[in-house]
Amino acid sequence: MTQINPDAELIDATQMAVFDAASDVVGWWDKLVDAVKANPFYFEAEFWVAVAFVLVVVALAKPVVRAIKKMFKQRSDMIAERINEAVELKEDAQRLLAEYERKFRSAEKEANDILLKSEREIEVLKRDTLAKLDAEMKVKEKEIESRLRMAEVSASREIADNTADLTIDVVKKILATSLDDKALAKLIDNSIDNLKKSA
């Protein structure tokens, strides 16, 4: 839908008035010529009306033209101002776009840096955790090996003690059944001597 411009309506109305006045002037001019031919023109009222009209049109033509020029100038200045505003808005928009693109690139780079730093920290943490776990496993293995050795030694001692006790019990029973008291006393004395020598 086209918007009606009041300035354009005023210009059109002024042009129509000028055209109407010009056609009236032509008509009166023809009458004036006819009147001059028939009578002396300066005695006729139409002549003076025509002269007055021409003078009014001439007197008004300059201000009307000046007003029309002024309206055209104001309109062109307004259009030029709007064009300048549009150009400034476009430049501002381009500056904002460039700034946001720069901020986006900076944020993207910062995010990539943070991601790389996080990956490095995760890698270091993983390596440290694995190293600690490996060290703890080695300590645990040593503790288990030490406990196993101690258990072996303890079991060996216990077996040796049990074996010795069993052997002594068996020997006692055998000796008790096969030796008399004198031989048994001699055997005990020899065993005590052997123990003293080994000590």
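In this convention, every chain numbers its residues from 1, walking through the sequence in written order. With the structure being a predicted model, the display of local features is reserved for residues of pLDDT at least 70 and the display and counting of side-chain atom pairs for 80 or more, all residues being used for whole-chain, interface and lining totals. Side-chain measures were taken over the full set of non-hydrogen atoms in the model, leaving aside hydrogen atoms and water.

As a further point, take the overall build of the protein chain. Scanning the protein chain from N- to C-terminus turns up 3 helices and 0 strands. Strands are runs of DSSP state E lasting at least two residues, helices are runs of H or I lasting at least four, and both sets are numbered from the N terminus onward. Mapped from its N terminus to its C terminus, the protein chain presents α and β elements in the order α-α-α. Buried residues are those whose accessible area, probed at 1.4 Å on protein chains only, stays under 20% of the maximum for their type, while exposed residues exceed 50% and partly exposed ones sit between those limits. When each of the 199 residues of the protein chain is scored for burial, the buried share is 5%. Within the structure as shown, the protein chain displays about 17600 Å² of accessible surface, and the carbon and sulfur contribution to it stands at 63%. Surface accessibility in these figures is a Shrake-Rupley result with a 1.4 Å probe; residues are shielded only by whichever protein chains are displayed.

Whenever Lys or Arg places a side-chain nitrogen within 4 Å of a carboxyl oxygen from Asp or Glu, that contact is recorded as a salt bridge. Inspection of the entire model under this criterion finds 5 salt bridges. One salt bridge in this structure joins aspartate 77 and lysine 73, with 3.3 Å as the shortest N-O distance. Residue aspartate 77 and its partner lysine 73 are both found in helix α2 (residues 45-178); the two are separated by 4 residues, about one turn of the helix. A relative accessible area of 39% means that aspartate 77 is categorised as partly exposed. A salt bridge links aspartate 92 to arginine 95; its shortest N-O distance comes to 2.0 Å.

As a per-residue measure, pLDDT reflects the predictor's confidence and takes values from 0 up to 100. Looking at the protein chain as a whole, its pLDDT mean stands at 80, while 84% of the residues score no less than 70. Least confident of the elements in the protein chain is helix α1 (residues 6-38), whose mean pLDDT is 71; most confident is α2, at 85.

Each cavity reported here is a set of points on a 1 Å grid over the protein atoms alone in which a 1.4 Å probe fits but cannot get out, each pocket an open set with protein on both sides within 12 Å along at least five of seven lines, and each lining residue one with an atom within 4 Å of a point. Grid points are joined across faces, edges and corners, and a volume is the space filled by probe spheres set on the points. Put simply, the largest pocket is a space of about 250 Å³. Contributing to the lining of the largest pocket are 13 residues, with Val18, Val57, Leu60, Ala61 and Val64 lying nearest its centre. The element that contributes the greatest number of residues to the lining of the largest pocket is α2, accounting for 8 residues. Split into classes, the residues belonging to the lining of the largest pocket amount to 12 nonpolar, 1 polar and no charged. Each residue receives one of three labels: charged for Asp, Glu, Lys and Arg, nonpolar for Ala, Val, Leu, Ile, Met, Phe, Trp, Tyr, Cys and Pro, and polar for the others, Gly being one of them.

With that out of the way, let us pick up a nonpolar patch on the surface. For patch building, the residue pool is restricted to those with more than 30% relative accessible area and no salt bridge; the joining distance is 9 Å between like charges and 5 Å between nonpolar side chains (Val, Leu, Ile, Met, Phe, Trp, Tyr). Nonpolar side chains collect at one region of the surface, where Ile79, Ile83 and Val87 lie side by side and expose about 250 Å² of accessible area between them. Assignment of secondary structure puts valine 87 in helix α2.

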